[in-house]
Amino acid sequence: MRAKVTAPVFEHHREPLGIGEPRPRLSWRTETGVPGWRQSAYEIALVDAAGAVVGGTAGPVRSDASVLVPWPGPDLPSRTRVGARVRVWDAQGRVSAWSPVAYAETGLLERADWTARPIAPHPDLGIAPDRPQPVVLLRRSFRPRGTVGSARLHVTALGVCRPELNGRPVGADVLTPGWSSYHHRLRYFSYDVTEHLVEGENVLGAQLGEGWYSGRLGFHGGRRGVYGDRPALLAQLELRYADGSRETVPTDGQWRAATGPALRSELYDGEEYDARLERRGWCTPGPVGEGWGPVIELDMPRGELVAPTGPPVRRTETLQPVRVLTTPSGRTVLDFGQNLVGRLRVRVRGEAGRTVTLRHAEVLEHGELALRPLRRAEATDRYTLNGDPEGETYEPLFTFHGFRYAQIDDWPGELNPGDVQAVVLHTDMERTGWFECSDPLLGRLHANIVWSMRGNFLDLPTDCPQRDERLGWTGDIAVFAPTAAFLHDCSGMLTSWLRDLAAEQLARPDGAIPPLVVPDALPAGFPDEPHAIWADSAVLVPWALYRAFGDRGLLRTQWESMSAWADELERYVRDGGGLWRAEFQLGDWLDPAAPPDRPGDARTHGDLVANAYAARVADIMADVAALLDEPEHAERYARLAARVRTAFAGEFVTPAGLLASDAQTAYALALRFALLPTREQRERAGRRLVEIVRRAGFRIATGFAGTPLICDALTEAGAPEIAYRMLLETGCPSWLYPVTRGATTVWERWDSLLPDGTVNPGEMTSFNHYALGAVADWLHRSVAGLGEAGPGWKRLRVAPVPGGTLTRAYAAHLTPYGRAEAGWERHGDTLTVTAVVPPNTTAVIQLPGGEPAFEVGSGRHTFTVRGFTTPAWPPRALRHPFSSPEEEPATG
């Protein structure tokens, strides 16, 4: 079979229109049915819009590289459209056909490319800056002076906007341009609007809302105007005529502004919409009626105007109600069967002036909506009908809610549940990871993890999507990044977030400590000390992305941020005599033993957690420095790691291998981060971890720090059956307890819903937090057996660890080279292991049973292990988790 090359991808862009890279790297996949296929060379041709070759590699390049290959031409200027195609050679010198051509187009790469100015409604329009503001309608008419060959709209906002042209929404994006660190970086989006234009008069318009820029942000009531007191629109429509000339229609003083039917549209509190105030045809040619006033031009944003590196937020799915409930108080509630992030879309018919109220909540308590967990987020939309006899359709514009249940009040007539849909919103990432197994509860847990990621990856990685918070807490993504990068292609989105992190971090007075949330919207005076894991996100997240996507350029881009934090950490260690000592660390946040009102009261001491992660961060930094050809830094960070390990052992480890904090997290950290110097200490620590888990009745006893590591630590300690027993426990607290309580997402607390059906009394009680779902990384790598053995999945590792009551498990991941799969199925004492290895990669295979590992090439492989047994269920206590085979056969 002749190799077939896919159309190349530019950087990490799914839709490469308006990209910001003048030298975009290229990636491609090769499809072939030849086992063991390897690329030996490639050739890239660059073509213009007419398909004529204008550059490329000037012949074959001897290399097996096919991911993020350097750009083979000169720098691209702004507004340049270019195509690329690829062909490859195999190890025998046979050449493929050329791939299809993929086109990309650069955006506005220089600040001088912008002739537009931000505009906002004139103060005479009467919009008060100190209270919720209405959505503003902005418009400008224009007439093209000739035949338009192409038209591009570049648009952004200090706030959120929906651009329109001649009455048609531009693009399918939602909440454009999202939330970035406005003082440092403002993203703009580019759209092809050629088909929107008409002959004669045209109207360019936009709806403009507060969003994250001037709307209410934060907990304890939050604050308004974190970044500014009013939203503004910045847009530039560029027309290219058939004769080659150009014309620009910018935002400027020629625009007009008016208020419309959306009296408010806020992220936390929802939208109030009066359809009687709609301005029909406000963005179409012709007269628009009264109430329009001037705009004012503002100064250009201080921050850098940048093209996005990842996809926008979009509607990705709609769900129908699965049940109609009547609450004890007589309210009508729709159950959508899934805790989701988005909003409702309703079709309604009734008399003018009637207001339908839509309230949202994640769970029910005593049969009613549980509103207390929302804290001060009203999460309510109100729609006042205009009385259209044909019916009306309503979907809020600039808000989103986290909910499973929606209470519908004052609906005219009988409610048909088919007239209400839930619209799912999140960053439009490509799904890349899957997991299945024979245990339906475990399968549901994995689905819950996926849904929590979807809901909380709404433009940036948030902690939760429903209450008055929804902030980019750094600790959550620090522990979840490996799981995230398996499940979805989040490379572009998290690259953008990391650039915000670096900008916020390096602009602080110390220039070193990453903020707790990114963008940094915490109020002045909020405790701002550095915390392990949270600050470590500056290192942990780029490293996870490098391992997943093989992007060394990301490490180079983030190096200043990574090294600034690592150097600050080195100073803490030096000042502490070899250890980082602090009065308080967030540490093993939300240990299930912590009281509801004191979520930081963990069984593992904060300093132990901090120094375990300090050693881990130093290890990573030594590796990063070596990859970036910084040998002096590599040596220095390696010395830092060694120093912390020595001090850690002296401070927290007894000679016998017990830890100062006799807790699951402490032992998991010590085992996973190689903090125990001797074999005897490792053996004793492994045995002690098993003892603690057994004495806890296999209930989980970890928070943010220990949860991602506990199953790996038990597996490496020779006790995978203990890890399985803990994984499959259904009592509270456990991973499966929420599943048995009907959870469809991952909870913030192990017991967000108590066994008696009441909501945990803690102020922080969310039913959609992804952090504790980091266990999915172990499900993929160990239960199913699919993991990477080298950056970017150039080498795979297939090493399943069957156990528990499972009879089969399977995982798949769409790697940069193609789809990889691993799985196993057991029938009696016969175990069948399968692996699918993508072209141009290899895989290390480690079969259960202790046989030596071996390597295979691409293709589908099947292996049979006969006489396979797992320990009796439930498992016995292990006496010697690290025993040699001569002393005791390895278990699992």
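Residues numbered from 1 in each chain as written. Predicted model: local features only at pLDDT ≥ 70, side-chain atom pairs only at ≥ 80, totals over all residues. Heavy atoms only, no water.

### Side note on the overall build of the chain
Across its full length, the chain holds 14 helices and 46 strands. For 892 residues, the compact-globule estimate of 2.2 N^0.38 gives 29 Å, and the chain sits close to it at 28 Å. Overall, the chain is about 90 × 75 × 60 Å in size when its C-alpha atoms are taken along their principal axes. Here the chain holds 892 residues, and the buried ones make up 63% of them. (Helix = DSSP H or I, 4+ residues; strand = E, 2+ residues; numbered from the N terminus. Rg over C-alpha atoms; globule rule 2.2 N^0.38 Å. Buried < 20%, exposed > 50% of the residue type's maximum accessible area, 1.4 Å probe, protein only.)

### Notes on the packing of helix α6 (residues 552–575) against helix α7 (residues 606–627)
Two numbers describe how α6 lies on α7: the axes approach to 10 Å, and their chain directions differ by 140°. By the angle between their axes, α6 is oblique relative to α7. Crossing geometry of α6 relative to α7 is assigned as left-handed. Packed against α6, whose contacting residues are R552, L555, W559, M562, S563, A566 and L569, the element α7 presents A614, V617, M621, V624, A625 and L627 at the interface. (Axes fitted to C-alpha atoms, helices over the stretch in contact; angles between N-to-C directions. Parallel < 35°, antiparallel > 145°, perpendicular 65-115°, else oblique. Left-handed = near helix turned anticlockwise from the far one by under 90°. Contact = heavy atoms within 4.5 Å.)

### Re the pattern of salt bridges
Pairs may arise between side chains of opposite charge once their charged atoms sit close together. Following the criterion strictly, the structure yields 68 salt bridges and no others. Put simply, D252 and R140 hold a salt bridge, and the shortest N to O gap is 3.2 Å. Highlighted residues: D252 in the loop between β20 (246–250) and β21 (256–259) and R140 in strand β12 (residues 136–142), separated in sequence by 112 residues. D252 sits in the buried class, given a relative accessible area of 13%. With a shortest N-O distance of 3.0 Å, R343 and E395 are connected by a salt bridge. With R343 in strand β28 (residues 332–348) and E395 in the loop between β33 (392–394) and β34 (401–409), this pair connects stretches of sequence that are 52 residues apart. Considered together, R343 and E395 belong to a single accessibility category, that of buried residues. Through salt bridges that share partners, E210, R224, R264, E266, E272, E378 and R382 make up one connected network. (Salt bridge = Lys/Arg side-chain N within 4 Å of Asp/Glu carboxyl O.)

### Examining empty space enclosed by the protein
This model, assessed by the stated rule, comprises 11 cavities of 30 Å³ or more. A volume near 110 Å³ is recorded for the largest cavity. Along the wall of the largest cavity there are 15 residues; nearest its centre are L445, W735, P738, V746 and W747. Elements that contribute at least two residues to the lining of the largest cavity include exactly α2 (440–456) and α13 (737–740). When residues of the lining of the largest cavity are assigned to their parent elements, the largest contribution, 3 residues, is made by α2. (1 Å grid on protein atoms, 1.4 Å probe; cavity = no way out; pocket = protein on both sides within 12 Å on 5 of 7 lines; lining within 4 Å. Points joined across faces, edges and corners; volume = space filled by probe spheres on them.)

### What about helix α9 (residues 664–672)?
Across the 9 residues that make up α9, a large majority, 8, are buried. Among the residues of α9, Q664, T665, A666, Y667, A668, L669, A670 and L671 are the ones counted as buried. Structurally, α9 contributes buried residues whose contacts are with α7, α10 (679–695), α11 (710–716) and α12 (720–727).

### As for the pairing of strand β18 (residues 202–209)
Burial of β18 is extensive: 8 of the 8 residues sit out of reach of the surface. Of the two faces of β18, the one lined by N202, L204, A206 and L208 and the one lined by V203, G205, Q207 and G209 are each fully buried. As paired elements, β12 and β18 share 7 bridges and run antiparallel to each other. Its bridge partner being in β18, R140 is matched across the sheet by L204. The pairing of strand β14 (residues 160–165) with β18 spans 6 bridges and is antiparallel. Bridge pairing in β18 places P163 opposite A206. (Pairing = 2+ DSSP bridges.)

### Section: the confidence of the model for the chain
The predicted model of the chain averages 95 in pLDDT, with 97% of residues at 70 or higher. Between residues 875–892, whose pLDDT stays under 50, and residues either more than four places distant or in other chains, the model counts 41 contacts. (pLDDT = per-residue confidence, 0-100.)

### Observations concerning the packing of aromatic side chains
A complete count under the given rule lists 28 aromatic pairs for this structure. Ring geometry for W114 against Y188: centres 5.3 Å apart, planes inclined by 80°, an arrangement best described as edge-to-face. Of this pair, W114 sits in the loop between β10 (102–106) and β11 (119–121) while Y188 sits in the loop between β16 (185–187) and β17 (189–192), placing them 74 residues apart in sequence. Like W114, the residue Y188 is buried in the burial classification. One aromatic cluster is present, built from ring pairs that chain together Y182, Y213 and Y227. Against the face of W98 rests R85, its NZ or CZ located 4.5 Å from the ring centre. (Phe/Tyr/Trp six-rings, centres within 6.5 Å; stacked < 30°, edge-to-face > 60°. Lys NZ or Arg CZ within 6 Å of the ring centre and 35° of its normal.)

### Considerations on the environment of R343
For R343, a relative accessible area of 1% corresponds to the buried category. Taking the C-alpha atoms as reference points, R343 and P35, separated by 308 residues in sequence, lie 48 Å from one another.

### Side note on the layout of surface pockets
Of the pockets and cavities examined, the second largest pocket occupies roughly 710 Å³. R29, L814, T815, P816 and Y817 are the residues nearest the centre of the second largest pocket, which is lined by 42 residues in total. If you list the elements that add at least two residues to the lining of the second largest pocket, you get β2 (9–10), β5 (30–31), β10, β41 (808–815), β42 (818–827), β43 (830–837) and β46 (859–866). Looking at the lining of the second largest pocket element by element, the count peaks at 3 residues for β41. Looking at the lining of the second largest pocket residue by residue, the class counts come to 20 nonpolar, 14 polar and 8 charged. (Nonpolar A, V, L, I, M, F, W, Y, C, P; charged D, E, K, R; others polar.)

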